[in-house]
Every structure is written in C-alpha cells, then in structure tokens.
Number of protein chains: 2
Amino acid sequence: MDLLTQKNIRATTFRKEVLAVFLEHDYAISINTIEKSIGKHDRITLYRTIKTFIEKGILHEVLIPNEEKKLAMCQSECSSDGHQHDHIHFKCEACEEVYCKEVDRVPQLQLEGFKVKSIEINASGICEKCG
Amino acid sequence: MDLLTQKNIRATTFRKEVLAVFLEHDYAISINTIEKSIGKHDRITLYRTIKTFIEKGILHEVLIPNEEKKLAMCQSECSSDGHQHDHIHFKCEACEEVYCKEVDRVPQLQLEGFKVKSIEINASGICEKCG
DNA sequence: ATTTAAAACGCAACATTGTTGCAATTATTT
DNA sequence: AAATAATTGCAACAATGTTGCGTTTTAAAT
Ligand SMILES: [Mn+2]
Ligand SMILES: [Mn+2]
Ligand SMILES: [Zn+2]
Ligand SMILES: [Zn+2]
C-alpha cells in the first residue's frame with residue numbers, strides 16, 4: 001500500500017511525483033531541488049503539498065543556520081498526531097549534504113530548573129562517504 | 001569599551017540601537033521584534049546590520065522548525081574567525097520563547113563512520129520561569 | 001582643527017520565498 | 001453515473017531578503 005494512502009491523503013499524480021524526488025535522495029533537499037526535479041510544476045501547489053506532507057508526518061523541515069531551508073522524509077512513526085524522530089541531522093563539510101541519521105540513543109540533557117521534553121540535534125563534520 | 005569597537009566595527013547610532021534591543025531581552029528575538037522596538041528604521045540597513053553582526057560574532061541565528069527565524073547574542077568567544085557556542089537552544093512550550101542556555105558540558109555524540117566536529121542542540125519543554 | 005578616505009546609511013528597485021481566494025479539475029463516495 | 005469532497009492551477013498579494021549607488025557619517029591623517 002501506498003505511503004500517501006497510508007497517511008490518509010489522496011495519492012495524486014503531483015504528490016507521487018514530489019514523493020518520488022525525496023525517495024531518490026538519501027539526504028535533505030531544498031524546495032529548489034524539488035522544483036528542478038519535477039518537470040512542469042505549479043509553485044503554489046508544491047508549497048501546499050509540502051505543508052500537507054509536514055502535517056501528515058511524511059516530511060519534516062531541516063534547518064541549519066545560514067543555509068537554505070531543507071526538507072526530508074520522516075520515519076513511519078510520524079503522523080498528524082505529531083512527529084517523533086529518533087535521529088539527528090548531520091551536515092557534511094565535504095559533500096555539503098545534510099543527512100538524517102538514525103541513532104540508537106539520542107543523547108539526553110539535564111538542565112537545572114528546566115523540564116526537557118524533547119531534543120533535536122544538528123551535528124557537522126565528515127560523513128561516512130567522504131570520510 | 002564598547003562591544004562594537006571590540007569587534008572592530010564602527011559604533012554607529014543605528015548599530016547601538018539594534019544592540020540595545022538584544023540587551024533588553026534574555027531570549028532570541030525575530031527581525032520583526034527588532035523593527036518594532038527601534039523607532040524609525042530602514043529595513044535594508046537593518047538586514048545589513050544583522051549580517052555584519054553575524055559575521056563579526058555578535059549575533060547568531062536561532063532556527064526552530066515551523067518558527068520565524070530568530071536571532072540572539074553570542075558569547076564573547078565568537079568573532080569573525082568563527083562562532084563557538086557552548087550553549088543549547090531551549091524553546092519553552094508555555095511562554096513560547098527560545099532561550100540560549102549555557103551548559104557545562106554539551107552532550108557528545110558518537111556516529112559509526114562519521115567524524116563529528118561540532119554539535120548543536122535545540123530542546124523544548126518548560127522553562128525555569130514557567131516551571 | 002581641517003582635510004581625506006573609508007565605512008555605513010538610506011533610497012529605489014528588484015529577487016526570492018511563501019500565502020490566500022476562487023474557479024476548474026480530479027478523486028472518492030453514494 | 002451523479003453527487004460530494006479534496007486537490008489543483010491561476011492571479012494577486014504579502015513577507016522576507018538583496019543589490020547598486022549617491023549621500024552622510026565616522027575615523028584617520030595632515
Ligand atoms: Mn531529519
Ligand atoms: Mn544561541
Ligand atoms: Zn559527505
Ligand atoms: Zn517559559
């Protein structure tokens with residue numbers, strides 16, 4: 001069964017094309033990259049598609065300071081009830097791509113006086129392929 | 001001695017006003033907030049001021065998914081040679097502000113096959129004041 | 001103190017990124 | 001097959017960020 005149907009949205013041609021672009025990459029991509037990959041396209045529909053995909057737990061934003069906003073696919077746990085990521089974002093200084101990388105245990109954080117509910121990590125360095 | 005002079009840029013009226021806005025807040029603020037705080041202002045000059053401040057290690061961007069871009073002051077270690085932050089970003093679900101929070105030890109991260117050079121953490125939960 | 005040179009400012013014009021309303025189209029349900 | 005609901009595509013707009021250039025301000029040199 002189709003991922004789109006699973007997430008309770010209609011599996012239209014446009015959405016399948018957008019999804020296909022994400023499946024072709026193993027790293028986070030920008031809206032620009034998507035636009036270049038899909039042939040004819042309507043910018044507005046693309047923005048709405050992305051918004052829907054984020055709401056439904058198909059995509060999530062990947063924000064790195066001083067970089068273009070990027071998007072990447074979620075794991076199966078995410079849904080309209082919320083996102084749940086056990087992964088970090090890793091920006092490689094060599095290939096310059098940003099990878100979503102699963103980790104067994106996301107490092108925890110203790111902050112005196114603060115109640116920490118969730119944590120999100122962006123690391124940088126040299127990736128597996130470039131190492 | 002003035003922070004601006006310390007960082008080797010001219011301490012103009014405009015820059016001092018922008019800096020003052022940051023000193024009034026103990027959390028990250030948006031460009032919109034700055035614009036509302038300084039009386040008359042030129043948007044272009046503000047954008048250039050921010051860019052300069054980031055380059056000189058006075059400000060850094062604070063990016064949280066699905067939120068307006070924010071900015072916050074750096075610690076003294078940052079300079080045009082680079083930023084060096086031993087702090088995390090904490091978004092409070094109650095007051096909705098994002099705080100830069102110093103930590104004694106930033107949690108480390110081991111990734112099989114990856115060389116981790118730096119790490120950046122965004123946490124969320126309930127802050128000290130709201131707890 | 002005056003002159004000079006560099007840096008910063010302010011304006012106009014533009015580029016990029018993202019949103020809203022609405023009519024036409026497409027997908028699902030009856 | 002018809003009715004219904006979701007999605008699309010267009011136009012128009014709003015928000016965010018950039019570039020060029022002449023004027024003003026600042027710091028340095030005389
Ligand atoms: Mn990710
Ligand atoms: Mn910070
Ligand atoms: Zn790499
Ligand atoms: Zn709070």
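Predicted, not measured: the structure shown is a model, and the values here were computed from it. (Residues numbered from 1 in each chain as written. Chains lettered and ligands numbered in written order. Predicted model: local features only at pLDDT ≥ 70, side-chain atom pairs only at ≥ 80, totals over all residues. Heavy atoms only, no water.)

Glancing now at the interface of chain B and chain A. In this assembly, 32 residues from chain B lie in contact with 31 residues from chain A. Across the interface of chain B and chain A, roughly 2800 Å² is buried in total on both sides, 63% from carbon and sulfur atoms. For the pair chain B and chain A, the number of links is 2 salt bridges. Note that Glu93(B) is salt-bridged to Lys117(A), the shortest N-O span being 3.2 Å. Counting every contact that joins chain B to chain A gives 12 residue pairs in polar contact (both at pLDDT 80 or more). (Contact = heavy atoms within 4.5 Å. Buried area = accessible area lost by both parts, 1.4 Å probe. Salt bridge = Lys/Arg side-chain N within 4 Å of Asp/Glu carboxyl O. Polar contact = N/O pair within 3.5 Å; in protein donor to acceptor, adjacent residues only side chain to side chain.)

This part is about the sheet that holds strand 3 (residues 70-73) of chain A. All names here are of chain A. The antiparallel open sheet is built from 3 strands, whose spatial order is 1-3-2. Only two strands of the sheet have a single partner each, and these edge strands are strand 1 (29-30) and strand 2 (59-62). Alignment of strand 1 against strand 3, held across 2 bridges, turns out to be antiparallel. In the strand pairing of strand 3, Ile-29 is matched with Leu-71. Together, strand 1, strand 2 and strand 3 form the strand contacts of helix 2 (residues 13-24), whose direction differs from that of strand 3 by roughly 85 degrees. (Pairing = 2+ DSSP bridges. Helix = DSSP H or I, 4+ residues; strand = E, 2+ residues; numbered from the N terminus. Axes fitted to C-alpha atoms, helices over the stretch in contact; angles between N-to-C directions.)

On to the layout of surface pockets, then. Its boundaries defined by the atoms lining it, the largest pocket holds a volume of some 910 Å³. Surrounding the largest pocket, 29 residues form its lining, Pro65(A), Ser124(A), His83(B), Ser118(B) and Glu120(B) being those nearest its centre. Contributions of two or more residues to the lining of the largest pocket are made by strand 6 (115-126) of chain A together with helix 4 (43-55), strand 2 (59-62), strand 4 (87-92) and strand 6 (115-126) of chain B. Among the elements that make up the lining of the largest pocket, the one with the highest residue count is strand 6 of chain B (6 residues). Of the residues contributing to the lining of the largest pocket, the split by class is 10 nonpolar, 11 polar and 8 charged. The space that makes up the second largest pocket amounts to roughly 770 Å³. Along its surface, the second largest pocket is lined by 24 residues, and His83(A), His85(A), Ser118(A), Ile119(A) and Glu120(A) are the ones closest to its centre. It is strand 6 of chain A that provides the largest number of residues to the lining of the second largest pocket, a total of 4 residues. For the lining of the second largest pocket, the residue count by class is 8 nonpolar, 10 polar and 6 charged. (1 Å grid on protein atoms, 1.4 Å probe; cavity = no way out; pocket = protein on both sides within 12 Å on 5 of 7 lines; lining within 4 Å. Points joined across faces, edges and corners; volume = space filled by probe spheres on them. Nonpolar A, V, L, I, M, F, W, Y, C, P; charged D, E, K, R; others polar.)

Taken together, 18 residues surround DNA strand D, and among them Thr12(A), Arg15(A), Arg48(A), Arg43(B) and Tyr47(B) come closest. Sugar plus phosphate: this is where 59% of the atoms of DNA strand D within 4 Å of the protein reside. A distance of 2.6 Å separates a phosphate oxygen of DNA strand D from a polar side-chain atom of Arg15(A). The contact in question runs from a base oxygen of DNA strand D to an N or O atom on the side chain of Arg48(B), over 3.2 Å. Elements supplying a minimum of two residues to the surface near DNA strand D: helix 2 and helix 4 (43-55) of chain A together with helix 3 (31-37) and helix 4 of chain B. (Near = heavy atom within 4 Å.)

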